[in-house]
Amino acid sequence: MSTTSNTTDIPAVAVPSHPTKPATPVSEEAPTKKSESALKSFISGGVGGACAVLVGHPLDLVKVRMQTGGASSNSVFGMLSTTMRNEGIRGLYRGVSAPLTAVSPMFAVSFWSYDMGQRMVKAFGQRGMTEEEKAAPYTLSMGEICMAGAFSAIPTTAIMAPSERIKCLLQVQANEVEKGGKAKYSGMLDCGKNLLKEGGLASLYKGTGATLLRDIPGTVAYFGTYELTKRELMKLQGIDPNNGQLSLSAVLFAGGFAGMACWGIGIPPDVLKSRLQTAPEGKYSGIYDVYKALIKEEGYAGLFKGMRPALIRAFPANAACFLGVEVAKKMLGFMD
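Treat the numbers as computed from the prediction; the structure is a model and nothing was measured.

Engineer: So, helix 10 (residues 248–278): which residues are in play, and what are the values?
Structural biologist: Its 31 residues place the ends of helix 10 only 39 Å apart at the C-alpha level, less than the 45 Å of an ideal helix rising 1.5 Å per residue. Its maximal kink placed at Ile267, helix 10 deviates by approximately 55°, while the proline Pro268 follows within four residues. In terms of residue burial, helix 10 counts as a mostly covered element, since 22 of its 31 residues are buried.

This is the structure we're talking about:
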């Protein structure tokens, strides 16, 4: 009797298995909530930085020459053609070794810092939530994205300031050589060694405050514009922002637009930074001194020197940067 009653009960045990199904999706959804690997952000940023330099350096050269008074023409394309004619393709990439050497790690640090900034503002935003609430998808607000962008500028400046100091000096030196002057530095390493010899780390990091003044608002605009443009493009294309992916052309547009927003805000402090970093020792006491001298000599229009080449360069260079980042992230998906 007991045996037969047990066997007839077996189907009854199997049938109630359905109510346990809701527990399964919870465990299946968990992997989709994982944060991206910080190392993946670092490597992808480095790839994007290299792409940005290779695409944008010739126009960056024109920008610096305009800002420091070494322009042979008021036309961006006139300067490009003059440089190409007089110095060849090598002239267009004058001083590229410094940014290429520094920009890959700099962008790597920038995108890694942005990732860390996102994690910090997310943790702050989730304060007081239960574990169950924290497990739900969390979309950062635009304010939080801008805060993460601002944070990314701080660690990046440790690499950015000396790199830009060397790059600007080499580009201005090329102007002097073109006019018949003598080259002071044989290259990037020689320039760095001379700066350290002449004034130590203080000389190498000259213009750090000006770099931060440019890059904190600049990165707020940079990452904020990129994420906002991506979200709007996803809405237009009917793509789920949590799971969907934009086309490569849409990434190029969002990246290019982000670069223009960044430089649209960053040009005035960038002019001051370039003047300060390329001036002879003792000429200026600081960035405010540069500002006063510039306004006195050239008026407020002087703050916007180099705007045209900066904006022309910003779109293709940053389109290439974000494309490189997104493609690298996709290829490194196994790291999550």
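Engineer: How would you summarise the packing of aromatic side chains if you had to cite specific residues and measurements?
Structural biologist: Remark: the centre distance and the inter-plane angle together describe each pair of aromatic rings, the angle taken between the planes. Per the counting criterion, the structure on display carries 9 aromatic pairs. Consider the rings of Tyr222 and Phe223, whose centres lie 5.2 Å apart with planes at 70°: the pair is edge-to-face. A relative accessible area of 0% places Phe223 in the buried class. Ring geometry for Tyr226 versus Phe322: centroids 3.7 Å apart, planes at 15°, classification stacked. With a gap of 96 residues between them, Tyr226 in helix 9 (residues 208–237) and Phe322 in helix 12 (residues 307–331) connect regions that are remote in the sequence.

Engineer: Help me get a handle on the side chain of Ser152, residues and values and all.
Structural biologist: Along the chain, Ser152 turns up in helix 7 (residues 142–178). The residues contacting Ser152, other than those within four sequence positions of it, are Ser110, Ser113, Tyr114, Thr219 and Phe223.

Engineer: Outline the state of the cysteines, supporting the account with residue identities and numerical values.
Structural biologist: For the structure on display, the rule yields 0 disulfides. Cys51 takes part in no disulfide bond, and the closest cysteine sulfur to it belongs to Cys321, at a distance of 7.5 Å.

Engineer: Residue-level account of helix 3 (residues 38–67), with values.
Structural biologist: Since one α-helical turn is 3.6 residues long, residues separated by three or four positions face the same way. With 30 residues, helix 3 extends just 37 Å between its outermost C-alpha atoms, more than 12% less than the 44 Å of an ideal straight helix rising 1.5 Å per residue. The sharpest bend along helix 3 reaches about 60° and sits at Gly56, with the proline Pro58 one to four residues further on. Taken across its 30 residues, helix 3 has 22 buried, putting it largely inside the fold. Regarding helix 3, its N-cap is Ser37, as a side-chain oxygen of that residue lies 3.2 Å from the backbone nitrogen of Leu39 further along.

Engineer: Can you break down the pattern of salt bridges residue by residue, with the values?
Structural biologist: Inspection of the entire model under this criterion finds 13 salt bridges. Residues Lys235 and Glu232 are paired through a salt bridge, measuring 3.6 Å at the closest nitrogen-oxygen approach. One end of the pair is Lys235 and the other is Glu232, both in helix 9 and 3 residues apart, which spans about a single turn. For Glu298, the salt bridge goes to Lys305, with nearest N and O atoms at 3.2 Å. On the basis of relative accessible area, Glu298 is assigned to the partly exposed category, the value being 29%. With a relative accessible area of 32%, Lys305 lands in the partly exposed category.

Engineer: Explain the environment of Gly125 to me, and be specific about the residues and the numbers.
Structural biologist: When you line up the elements, Gly125 lands in helix 5 (residues 97–125). A residue is classified by how much of its surface remains accessible, and Gly125, at 29% relative accessible area, is partly exposed. Along the chain, Gly125 and Glu144 lie 19 residues apart, while their C-alpha atoms are 8.7 Å from each other. When near neighbours in sequence (up to four residues on either side) are disregarded, Gly125 contacts Tyr138 and Glu144.

Engineer: Pulling in residues and values, what's your account of the environment of Ser97?
Structural biologist: Structurally, Ser97 can be placed in helix 5. Relative accessible area serves as the criterion here: at 35%, Ser97 is assigned to the partly exposed category. Linking Ser97 and Val53, residues 44 residues apart in sequence, is a C-alpha distance of 9.8 Å.

Thresholds applied
- Residues numbered from 1 in each chain as written.
- Predicted model: local features only at pLDDT ≥ 70, side-chain atom pairs only at ≥ 80, totals over all residues.
- Heavy atoms only, no water.
- Helix = DSSP H or I, 4+ residues; strand = E, 2+ residues; numbered from the N terminus.
- Expected span 1.5 Å × (residues − 1).
- Bend = angle between axes of the 7 residues up to and from the residue.
- Buried < 20%, exposed > 50% of the residue type's maximum accessible area, 1.4 Å probe, protein only.
- Phe/Tyr/Trp six-rings, centres within 6.5 Å; stacked < 30°, edge-to-face > 60°.
- Contact = heavy atoms within 4.5 Å.
- Disulfide = S-S within 2.5 Å.
- Polar contact = N/O pair within 3.5 Å; in protein donor to acceptor, adjacent residues only side chain to side chain.
- Salt bridge = Lys/Arg side-chain N within 4 Å of Asp/Glu carboxyl O.

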